[in-house]
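# Chain and residue survey
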Amino acid sequence: MDAEWKKTLEDGTEIVRTCAWSPPGCHPVGCGLKLHVKDGKLIKVEGDPEHPVTKGRLCVRCLSLKDYIYHEDRIIYPMKRAKEDRGLDKRERISWEEAMDIFAEALKANQEKYGYEGSCLFNGTGRAACIHAALGCYSVLQSPNQCYALSGWSCYGPRCAVVNFVAGAGIPEMDYAAGFPLRYDDPSFQVPNYILVWGKEPPKSNSDGLFGHALIELMRLGAKLITVDPRMTWLATRSHLALRLRPGTDAALAMGILNVIINEDLYDHDFVDKWCYGFEQLAERVQEYPVEKVAEITEVPAEKIIEAGRALAQSPSSMTWGLSVDEAPNGVQTGQALMAIMAITGNLDIPGGTILGPVAGLGGAEEKDVPTQVPEDALSKKVGVDKYPAVGMIQNTVHPDLFLECLETDDPYPVRFAWLQSSNLISPTCSAQPSRWHKALQKMDFVVATDTFMNPTIMAVGDLFLPVATFAEGDGVVFTHFGSNTTNCSAINKAITVGEAKSDPEICFMLAKRIFPDIYTASVDELVHGYLSGLGAMSGAQNWYELRDIGTAQVPVTYKKYEKGLLRADGKPGFSTPTGRVELWTTMYRNLGDDPLPYYFEPKMSPSNTPEYEFILTTGSRRVTSFHSEHRQIKNLRDIHPNPVLEMNPADAKKHGIEEGDWVRIVNEHGSARYKVEITPILKKGVVNAAHGWWFPEEDPNEPNLYGVWKSNVNNMIPHGDIGKIGFGAPFKSAMCNIEKAE
Amino acid sequence: MINGLLVDTQYCTGCYTCEIACRNEKEIPAGQWGIKLNQVGPFCVSEEEDKFIWNYTPMVTELCDLCADRVAAGQKPACVHHCLADALEYGPLSELVAKMEAKGERAYLMIP
Ligand code: SF4
Ligand code: SF4
Ligand code: SF4
């Protein structure tokens, strides 16, 4: 890459080389950009062709960066609103000095009344703020209660737990040679025979930082896809096998595939003998899942299940697993079975296989890693981890479902100060039953929000708004897979200043200095860059400034880390599990009170368990034009997908006299929501797919309308607390509903 | 010599990047297009085999000048440069025809 991060052209235009990570919302893909700046203003965005992975390519969201940054609705100065005016579209511009005073006084008052545990911080999903949340919560608030409000922590957390418990490693990802300077031409890389794409659409989602279009590159090189999705997605139309399962039956399908691999003796005996634990028990368990029975449960034809097992046994083959593993109470079993498929076929950590992350868990700091710490007695009061220790161990946050109950009932204790750090949780994004969260948040004595735009959640309860910089307006770091399996680590370079917006780390350190002037004596700039240097250490750069000169550091992939002692703290070969092996029979599951072997159970809401409903309701599929609840006010993007859409099969639509574009109500015992129908044969009969993240920035912001956030709020139909045994997974992808015609 | 754009309909993922990249580059207002994404399908051609056809077909309009300024400056057209699937290629028609022949399937050429 260009060694100069900034160049000035003759006409005074500056070209700033940088990589992207939210805001605007995105996962840590870190696509390479060249930002053109004239007279302090961003005038043009161009993809950086020298980025080793993205090579100049950009999605519509970074291409619309200018529209986002300079949007008339963006809030770029600190704002306050009197508590009695909550829910009213009123706010008053204040200085950062006043804002920090208000913050510090409110926090102090709250701590005096309710203790350190009486405050909390909500982080959203995917945005860089979910890394900086630890700094805000543990260092600034000194509270143990960091909360990701999604029921069952149903995003990434369950998969992190699975791989940690089963293999003692960081998140697995398909090998796309992202760590090699020569990429696919590196002599040690092999093109996989088959790629199992389970419950995700990478070209649209780029989830977890995987550059989704790498799949297209691998297909061009000859890799064949096996897609697992109830819908016939575009990717599925180009797949060798499209396994269109009934939503919520993923664990059964994975067990069926394991049955084929084991009973047809297709597994890698050598790997199983040397590196796996509990194969006999697993082999016995899969006998409960004969292919015909699995075909009946999942609606995937038996021949296809058999073919999938046979294909995946042809090493190298790889897997990229998605959100649908997380968004099910049965999800940690699905993940466990998928890890078993990759392990016993000998596809773990080999060229063209599924690469294991060297570090377990999500990136970012723990309480012990931040400068000011949560006092011991408060730390032990983190809500819900006594009941669900796995969530505390893996994610280091409260348990979301129990935290809602805590806010509602003040049991075990009252919490009255909340920080919404880039989380619009009452929109249909990262919570189940958002109307309950709405009421719970209204109980707060004080709510501070750090964000880029006003949104329904802040409109409802925010007292203080601190404006957050986009990635073009502050220095930062981006690392794929949140640091858990990073192949690319890049510097984010400040190119412009907009109003008085500050980056999330800047805000955290400004507040920390205000609250602890004796501890944080260095300047904000020094503190921020010291912190960023730490976060970017995986790049191998000495500090952040060195990383800025490098641009994007490719973190070399080491294959077969388990042979080289690279997965264990003691440097011995093997895996970092109690037995030192990949645990097909998982000790940690047993210790946590779950079955040590994978199993399937029928979802609580399902055609047989709740026959009063006609349709399976699935949610959360991606559109490139938005990141969850973001981007709805960006005209070029909104024009592409203007309405909340419900996808429905033609036969189902006909039966109900519904025509393309009709408005319908989705209804179940928990709530209802209004959607516009798109009739499409890609949906199975009896399954409807509702878009998430909707609110309407053009509508009345005042309570009770709140930008229309309750109109198409599909999350209100997802039950609270329907989670798996060890606390992970909720049925965002397999609830049930009826459909009625609406006006 | 006439230049054009070659579209790979096997791998165009329908990501809309070409539309927005073009609109930015040519300062085209909302509601107008220099290149517009269309699609054929999805429709089922065999229920038995669960086989579907679903192709994205971006098409240039008269507002496209094949990014004359960018090309003159030695750059690729904005849509080609940013296309996420590398499904667009720019060049002289004769060269593109040869590439199309080599590909042998699922592609078309367009000129504005
Ligand atoms: S995937 Fe993310 S980082 Fe990449 S271009 Fe899109 S919004 Fe930007
Ligand atoms: S070549 Fe340039 S003008 Fe033509 S469609 Fe592409 S971006 Fe637009
Ligand atoms: S940018 Fe490329 S992949 Fe995306 S829609 Fe246009 S032609 Fe297709």
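Since we're looking at a predicted model, the values are computed, not measured. (Residues numbered from 1 in each chain as written. Chains lettered and ligands numbered in written order. Predicted model: local features only at pLDDT ≥ 70, side-chain atom pairs only at ≥ 80, totals over all residues. Heavy atoms only, no water.)

## With respect to the overall build of chain B
On a plain count of helices and strands, chain B comes out with 4 helices and 7 strands. If you line up chain B on its principal axes, its C-alpha atoms span 50 × 35 × 20 Å. Going through the 112 residues of chain B one by one, you find that 49% of them count as buried. For chain B, the proportion of contacts with a sequence separation of at least 24, taken over those separated by at least 6, is 59%. With the model as given, the accessible surface of chain B reaches about 5700 Å², and the carbon-plus-sulfur share is 52%. Of the side-chain charges in chain B, 9 are positive and 16 negative, and the distance between the mean point of each set is 4 Å. (Helix = DSSP H or I, 4+ residues; strand = E, 2+ residues; numbered from the N terminus. Buried < 20%, exposed > 50% of the residue type's maximum accessible area, 1.4 Å probe, protein only. Contact = heavy atoms within 4.5 Å. Areas by Shrake-Rupley, 256 points an atom, 1.4 Å probe, with all protein chains shown as cover. Lys, Arg positive; Asp, Glu negative; His and termini not counted. Charge placed at Lys NZ, Arg CZ, Asp CG, Glu CD.)

## So, the pattern of salt bridges
A pair can form between side chains of opposite charge whenever their charged atoms are brought close. The final tally for this structure, using the stated rule, is 47 salt bridges over all chains. Lys204 of chain A is paired through a salt bridge with Glu201 of chain A; the nearest N and O atoms lie 3.5 Å apart. Its relative accessible area of 11% is what places Glu201 of chain A among the buried residues. Connected via shared salt-bridge partners are Lys44 and Glu46 of chain A together with Glu25 and Arg70 of chain B. (Salt bridge = Lys/Arg side-chain N within 4 Å of Asp/Glu carboxyl O.)

## Observations regarding the side chain of Asp722 of chain A
Within the secondary structure layout, Asp722 of chain A lies in the loop between strand 27 (687-690) and strand 28 (735-741). If we skip the residues at most four places from it in the chain, Asp722 of chain A touches Pro329, Lys604, Gly729, Ala730 and Pro731 of chain A.

## Section: the environment of Ser119 of chain A
Assignment of secondary structure puts Ser119 of chain A in strand 7 (residues 119-123). Here Ser119 of chain A is in contact with Leu107, Asn110, Leu141, Ser143, Asn145, Val415 and Phe417 of chain A, once residues within four sequence places are set aside.

## Details of the site of ligand 3
Taken together, Cys12, Thr13, Gly14, Cys15, Tyr16, Thr17, Cys18, Leu37, Pro58, Cys83, Ala85 and Leu88 of chain B make up all the residues around ligand 3. Among the residues forming the shell around ligand 3, the class breakdown is 9 nonpolar, 3 polar and no charged. (Near = heavy atom within 4 Å. Nonpolar A, V, L, I, M, F, W, Y, C, P; charged D, E, K, R; others polar.)

## Here we look at the nonpolar core
Residues and elements named next belong to chain A. Counting 292 residues, the largest nonpolar core has Phe103, Phe122, Tyr176, Trp198, Ile257, Phe403 and Ile739 as its most contacted members. With 10 residues, the single largest contributor to this core is helix 9 (residues 250-263). Those residues in contact with Phe403 that lie beyond four places of it in its chain are Cys120, Phe122, Asn145, Cys147, Val383, Val398, Val415 and Trp437. (Core = buried A, V, L, I, M, F, W, Y, C linked by side-chain atoms within 4.5 Å.)

## Observations concerning helix 15 (residues 331-344) of chain A
Residue and element names in this part refer to chain A. Along its 14 residues, helix 15 runs 20 Å from first to last C-alpha, staying within 8% of the 20 Å computed at 1.5 Å per residue. Helix 15 sits mainly inside the fold: 14 of its 14 residues count as buried. Gly346 sits one or two residues past helix 15 and shows a positive phi near 70°. (Expected span 1.5 Å × (residues − 1).)

## As for the domain arrangement of chain A
Interfaces are often sized by the amount of accessible area the parts lose when they come together. All names here are of chain A. Along its sequence, chain A is organised into domain 1 (79-153 + 374-470 + 497-536), domain 2 (173-355) and domain 3 (615-741). When each unit is reduced to the centre of its C-alpha atoms, the spacing between domain 2 and domain 3 is 28 Å. Tallying the contact residues gives 19 residues for domain 2 and 22 residues for domain 3. Counting the surface lost from both domain 2 and domain 3, the interface buries some 1700 Å², and carbon and sulfur atoms represent 64% of this. A per-residue breakdown of the area domain 2 buries against domain 3 is headed by Arg231, Glu327 and Pro329, which together make up 36% of the total. For the pair domain 2 and domain 3, the number of links is 2 salt bridges. One salt bridge connects Glu299 with Lys684, and the closest N-O pair in it is separated by 3.2 Å. Broken down by class, the residue content of the side of domain 2 that touches domain 3 amounts to 9 nonpolar, 3 polar and 7 charged. (Domains from an automatic or database assignment. Buried area = accessible area lost by both parts, 1.4 Å probe.)

## A short note on the interface of chain B and chain A
Of the residues lining the interface, 34 residues belong to chain B; the matching set on chain A comes to 34 residues. Across the chain B to chain A interface the summed buried area is about 2900 Å²; carbon plus sulfur atoms make up 57%. By the criterion of area lost to chain A, the three top residues of chain B are Tyr11, Trp54 and Leu84 of chain B, representing 24% of everything that side buries. For the interface between chain B and chain A, the tally reads 5 salt bridges. Taking the shortest distance from any N to any O, the salt bridge between Arg70 of chain B and Glu46 of chain A comes out at 2.5 Å. At the surface where chain B touches chain A, the tally comes to 18 residue pairs in polar contact (both at pLDDT 80 or more). Where the side of chain B that touches chain A is concerned, the elements lending two or more residues are helix 1 (17-25), strand 3 (39-46), strand 4 (51-56) and helix 3 (78-82) of chain B. With 7 residues, helix 1 of chain B is the largest single contributor of residues to the side of chain B that touches chain A. Considered class by class, the residues forming the side of chain B that touches chain A number 16 nonpolar, 9 polar and 9 charged. (Polar contact = N/O pair within 3.5 Å; in protein donor to acceptor, adjacent residues only side chain to side chain.)

## Looking at the site of ligand 1
In the region of ligand 1, the neighbouring residues are Ala20, Cys26, Cys31, Leu58, Cys59, Arg61, Cys62 and Asn206 of chain A. Tallied by class, the residues present in the shell around ligand 1 amount to 6 nonpolar, 1 polar and 1 charged.

## Structural notes on the packing of helix 3 (residues 96-114) of chain A against helix 21 (residues 504-515) of chain A
Residues and elements named next belong to chain A. Between helix 3 and helix 21, the shortest axis-to-axis distance is 10 Å and the interhelical angle comes to 65°. In this structure, the crossing between helix 3 and helix 21 has a hand that is right-handed. Residues Trp96, Met100, Asp101, Phe103, Ala104 and Leu107 of helix 3 form the contact with helix 21, whose own contacting residues are Ile507, Met510, Leu511, Arg514 and Ile515. Looking at side-chain class alone, the contact of helix 3 with helix 21 contains 9 nonpolar, no polar and 2 charged residues. (Axes fitted to C-alpha atoms, helices over the stretch in contact; angles between N-to-C directions. Left-handed = near helix turned anticlockwise from the far one by under 90°.)

## Overview of the sheet that holds strand 4 (residues 41-47) of chain A
All names here are of chain A. The sheet built from 4 strands is open, its strands ordered 1-2-3-4 with antiparallel pairing. The open sheet has two free edges, formed respectively by strand 1 (6-8) and strand 4, since each of these has just one partner strand. Direction aside, the axes of adjacent strands within the sheet are offset by 25° on average. (Pairing = 2+ DSSP bridges.)

## So, the environment of Leu215 of chain A
All names here are of chain A. Tracing the chain through its elements places Leu215 in helix 7 (residues 214-220). As a C-alpha pair, Leu215 and Ala302 span 87 residues in sequence and 27 Å in three-dimensional space. With near-sequence residues (within four places) excluded, Leu215 lies in contact with Met174, Ile195, Val197, Pro202, Pro203, Leu225 and Leu235.

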